[in-house]
Structure formats: structure tokens, C-alpha cells
Amino acid sequence: MLLELQENISLKSFNSFGFDVSARYFVELKSVEQFEALHQLIADCDLPVLIIGGGSNLILTNDLNQLVVVNRISGHSISEAEDGTLCVTAGAGEDWHTLVRWTLEQGCYGLENLSLIPGTVGAAPMQNIGAYGVELKDRMLSLEAFDLDTGEKQRFSCEECQFGYRDSVFKSRYPGRYLITSVTFSLSRTFKPVLHYGGLIGELEARGIESPGALQLSDLICETRNSKLPQPELIGNAGSFFKNPVIQTQQAEQLKERYPGLVSFADKPGYSKLAAGWLIDQLGWKGRREGDAGVYEKQALVLVNYGDASGQDILELAGDIQADVYTNFGVMLEIEPRCYP
Ligand code: EPU
């Protein structure tokens, strides 16, 4: 299959915020076999490369004088080890939620808490996606990627990805250098529900469910997410816009004296993680709107594009929120999605 190089393509339908910027060059990579041709194209173009998956974690502020590559490598398979561990390998271009549901339908458990996270399989390790008490790193075994500098294929173990909270070696140390082709997960035939996070147990009790099945838990998580988070097809967004800040527990305790309702969780020893949504909400930002850029009415951590907001509009709103939170709580919020150019 030949690569089809296109020019001056609008990226509006390729990013979940719906920013209408264009790519100077644009190509869709549909299989691993096409990589050699892509590598040659990258050399010929001599422009910076931006690889996107579902585009659900991107802020695009301007037209890109770049080569944009949409990763569409597909396929998934399961193999079972003697100890009952299941290795599931999926192509980087597969839709994340579709993969999660497929694993559950195969009686393959472990990804249920990560249901309905937008984006693709290959994008998931970039930021170590996480929700409801489970992170990708808890279930990932390894991944394969091409090094765009050398053209060589490389395997990364989970440890080598240096995963942190919404962070990986691909995001912080080598941005833009690797094109992930597939991800392998270590899953199980035995369903061990993770229910400790937030209101999950309460939600199950409210429905009269004592011990949920995996699909039931996945359904509940979909329902919970849908009740709080806007669907990108309807209102442009990139999920949580800021990371929940990790600060010294001493500072968190001082804040708690001034703000008894402050929501915080224990993190690594001596540190606490604050709910950024609570801080923003407390300052009255929830539901506010500046033109078409807004703070979602049901979740203050989510910034939304009501139609024609630009990436710059969203960043301006984000800057105002950061300044307000810093002035009032002395905490600097870090923006979570990746910003280009
Ligand atoms: N809160 C408020 N007001 C708000 C929003 C939140 O007071 O407007 C409070 C809630 O009451 C709750 C706390 O903040 O006590 C935490 O809120 P929530 O459980 O909704 O989770 P979150 O911290 O806002 C994180 C992840 C989400 C993930 C959920 C569930 C980050 C940056 N975000 O959100 O991930 O789905 O937990 O596990 O860690 C994403 O990364 O894009 C994302 C959506």
C-alpha cells in the first residue's frame, strides 16, 4: 500500500478540541510495512513531524508548517501463557475504548476502569492514561516503536517507558522521536475489580450491585464519565486540561486549615495530590465562558471549545485560571495536553 501525501489539510476533525488549523503536509500510516516509505518521506520533507493518534490530547494554536502523520496501524491479538496470564497486543491506531470492550468480551480482564477514555492505543502510553484507580502502566507489558531518528524498531519494557502521573519518556524526554506501532498488555482470566476510587462503591450500592461483573463495571464507568465529561463529538475538549498538582503535605495541611473543604489525596511520602477541579471550582470558574472558550459546567478541570475558539483562546483562558489559582492557593497548575506548534 502506498502512502498518500496530502497538502494543506484541515486538522479540525483530527483533534478533539476541533481547532481549525491546517497541516502543510499530511499522511495516514496504515501499516508497519509502510514505515520505510514514511521514513524516506520524513527525510525528503525536512520539516518537523507531528504524530497524532485520536488527537484527544492536543492544543493546536496555529497552522502547522510540519508533516502530520496520523497513526492508523490496526489489529489486535491474544495469547495465553501457561500461568493463565493473557498477553493482548494491539496496533497503535486502534480506538482505545473499542479495545477495552473487545478484551472484556473475550473474558480478558484488567482494563475495565479505563473504559471510555478517548484516543488511540498508541497515544495511551504517551501520557500514561489513568482513571478510577488504574493507570496504563499497571497493565502494560511492553510496546514497540520506530525511532524516527534512526529508522530502527525498538521494544520498550514498561520500566523503560519511565511512566509517571500522566507522563512517560515519550512525553518528557523524547517528544516527537518515537512512533509507537503496538502496545502489549498483561491481562487476566480472573476478574479482580478495582473499586476503591472515589464514589465507585457508592454508585454500585445505589444500583443494588454487590459484586459487579467486568462489563457491568465498565458500563458504570462509562455512565459516570458521561455524567461529568463532555463528549468531544458534541463539545470540543481534551479531557482534564490540568494535572492534579502534587505539593508537599505540609503545604496541603496549611491550605486545609484555611479551606477545610480542600480535596487532597496521599501521594508519594511527604507529598499530597490536590484535586485541581476543586481549586478551580472554588474560585467560581465552573461554567464560565470567554467567547467560545469555556470551563465545562459539570467539571471545572475540563476546558471546552463551544465552536470557534482557537487554541490561543483556550490557552488565554487557561492562563487566567492558572494565575487565579496561584494567587489564591499558591499552587501552579500544569497544563496536561500537548501544545503545538
Ligand atoms: N471536583 C470539584 N469540582 C469540580 C471537579 C472536581 O469539586 O468541578 C472535586 C470532586 O468533587 C472530587 C475531586 O475534585 O472530589 C476529583 O474529581 P474527579 O473524581 O472528577 O477526578 P479529577 O481529579 O477531576 C481525574 C483524572 C481524570 C479521571 C478521573 C477519574 C487527572 C488530571 N484527571 O480527574 O482523567 O478520569 O480522575 O479517575 O488526573 C484525563 O486525564 O483527561 C481525565 C479525564
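The numbers attached to residues start from 1 for each chain and follow its sequence in the written order. A pLDDT threshold of at least 70 governs which residues receive local features in this predicted model, and a stricter bar of 80 or more applies before side-chain atom pairs are shown or counted, although totals over entire chains, interfaces and linings include all residues. To obtain the side-chain values, all non-hydrogen atoms of the structure were used and water was disregarded.

### A word on the side chain of Gln66
Here is step 1: Labels follow the DSSP assignment, with helices taken as runs of H or I lasting at least four residues and strands as runs of E lasting at least two, numbered in each case from the N terminus. Residue position: Gln66 is located in strand β5 (residues 64-71).
Here is step 2: Two residues form a contact once any of their heavy atoms are found within 4.5 Å. Contacts of Gln66, omitting those with residues within four sequence positions, involve Arg24, Tyr25, Leu47, Pro48, Val49, Leu50 and Pro341.

### Brief notes about the site of the ligand
Here is step 1: Neighbouring residues of the ligand: 23 residues in total, closest Tyr132, Tyr165, Asp281, Gln299 and Ala300.
Here is step 2: Here a polar contact is recorded for every N or O atom pair within 3.5 Å, except that within protein the pair must consist of a potential hydrogen donor and a potential acceptor, and residues adjacent in sequence are included only if both atoms are side-chain atoms. Between the ligand and Lys228, the relevant distance is 3.2 Å, taken from an oxygen atom to a side-chain nitrogen or oxygen of the residue.
Here is step 3: Within the side chain of Asn244, one N or O atom sits 2.9 Å away from an oxygen atom of the ligand.
Here is step 4: Protein burial of the ligand: of its 810 Å² of free accessible surface, 82% is covered by the chains.
Here is step 5: Taken together, the elements giving at least two residues each to the shell around the ligand come down to β8 (130-131), α5 (214-228) and α7 (276-282).
Here is step 6: The residue makeup of the shell around the ligand, split by class, is 10 nonpolar, six polar and seven charged.
Here is step 7: Residue ranges assigned to the domains are those given by an automatic or database domain assignment. Two domains each donate at least three residues to the shell around the ligand, and these are domain 2 (76-187) and domain 3 (236-340). Consider each residue's heavy atoms; a residue with any of them within 4 Å of a molecule or strand counts as near. Shrake-Rupley sampling with a 1.4 Å probe provides the accessible areas, and residues are treated as covered by the protein chains on show and by no other component. Gly falls in the polar group here, along with every residue not listed as nonpolar (Ala, Val, Leu, Ile, Met, Phe, Trp, Tyr, Cys, Pro) or charged (Asp, Glu, Lys, Arg).

### Some thoughts on the sheet that holds strand β11 (residues 153-157)
Strand pairing in a sheet relies on backbone hydrogen bonds. The paired strands run either parallel or antiparallel.
Here is step 1: Overall, antiparallel pairing links the five strands, which are arranged β6-β7-β12-β10-β11 in an open sheet. The outermost strands of the open sheet, each flanked by one partner alone, are β6 (76-80) and β11. Each strand of the sheet is rotated relative to its neighbour by a mean of 20°, with strand direction disregarded. Strand pairing is assigned whenever DSSP detects at least two bridges linking the two strands. All axes are obtained by fitting lines to C-alpha atoms, using only the stretch in contact for helices, and the reported angles, taken between N-to-C directions, cover 0 to 180 degrees.

### Observations regarding the domain arrangement of the protein
Here is step 1: Annotation of the protein at the domain level lists domain 1 (6-71), domain 2 (76-187) and domain 3 (236-340).
Here is step 2: The partner domain 2 presents 16 residues to the 14 residues of domain 1 that form the contact.
Here is step 3: A 1.4 Å probe defines the accessible area here, and the buried area is the portion of it lost by two parts on being joined, summed over both. Buried surface at the junction of domain 1 and domain 2, summed over both partners, amounts to about 1100 Å²; 69% is from carbon and sulfur atoms.
Here is step 4: Of all residues in domain 1, Phe35, Ile51 and Asn71 bury the most surface against domain 2, accounting for 42% of the area lost on that side.
Here is step 5: When a carboxyl oxygen of Asp or Glu lies within 4 Å of a side-chain nitrogen of Lys or Arg, that pair is called a salt bridge. Remark: the boundary between domain 1 and domain 2 carries zero salt bridges.
Here is step 6: Looking at the side of domain 1 that touches domain 2, the elements that each hand over two or more residues are α1 (35-45), β3 (49-52) and β5.
Here is step 7: It is α1 that provides the largest number of residues to the side of domain 1 that touches domain 2, a total of four residues.
Here is step 8: A per-class count over the side of domain 1 that touches domain 2 returns eight nonpolar, six polar and no charged.

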